[in-house]
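Architecture at a glance
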Amino acid sequence: MSYLSEIKNSDQAWSDTSAQMVAVGIFEDQELTPLGHTIDKDLGGAISKAIEQNALKGKAGQSQSFYDENRQVLVMGLG
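So, a few notes on the structure that sits alongside this text. (Residues numbered from 1 in each chain as written. Predicted model: local features only at pLDDT ≥ 70, side-chain atom pairs only at ≥ 80, totals over all residues. Heavy atoms only, no water.)

1. Some remarks on the side chain of Arg 71
Within the secondary structure, Arg 71 sits in the loop between strand S2 (63–67) and strand S3 (72–77). With relative accessibility at 8%, the residue Arg 71 sits in the buried group. The contacts of Arg 71, once residues within four sequence positions are left out, are Trp 14, Ser 15, Thr 17, Ala 19, Gln 20, Met 21, Val 22 and Phe 66. (Helix = DSSP H or I, 4+ residues; strand = E, 2+ residues; numbered from the N terminus. Buried < 20%, exposed > 50% of the residue type's maximum accessible area, 1.4 Å probe, protein only. Contact = heavy atoms within 4.5 Å.)

2. Notes on the nonpolar core
Counting 14 residues, the largest nonpolar core has Ile 39, Ile 47, Leu 56, Phe 66, Val 73 and Val 75 as the members making the most contacts within it. Counting only elements with at least two residues in this core, the list comes to strand S1 (21–26), helix H2 (46–52) and S3. Once you skip the residues sitting within four places of it in the chain, Val 75 turns out to touch Val 24, Ile 26, Ile 47, Leu 56, Gln 62, Ser 63, Gln 64 and Phe 66. (Core = buried A, V, L, I, M, F, W, Y, C linked by side-chain atoms within 4.5 Å.)

3. Quick notes on the pairing of S3
With six bridges connecting them, S1 and S3 associate as parallel partners. Residue pairing in the sheet places Ile 26 in a bridge with Gly 77 of S3. Bridge count for S2 against S3 is five bridges, and the pairing is antiparallel. Its bridge partner being in S3, Ser 65 is matched across the sheet by Leu 74. Between S2 and S3, which follow one another and run antiparallel, lie four residues. (Pairing = 2+ DSSP bridges.)

In structure tokens:
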């Protein structure tokens, strides 16, 4: 069973972190946070594509994972 062993808040660039998972938020109007926009660009627009296909709506409690070569990106609905 997987579990989180540590949670850290950082001002470090997401691409420079050694974290195995990075969490970002999306609002119910389907607007990403500033960090979310940066990560979406680095993932080749994968998050934007999910939004366009209505697979990611930003409702509170909704989440979806995306992956780059080094880590998991968890996009969480903020309502």
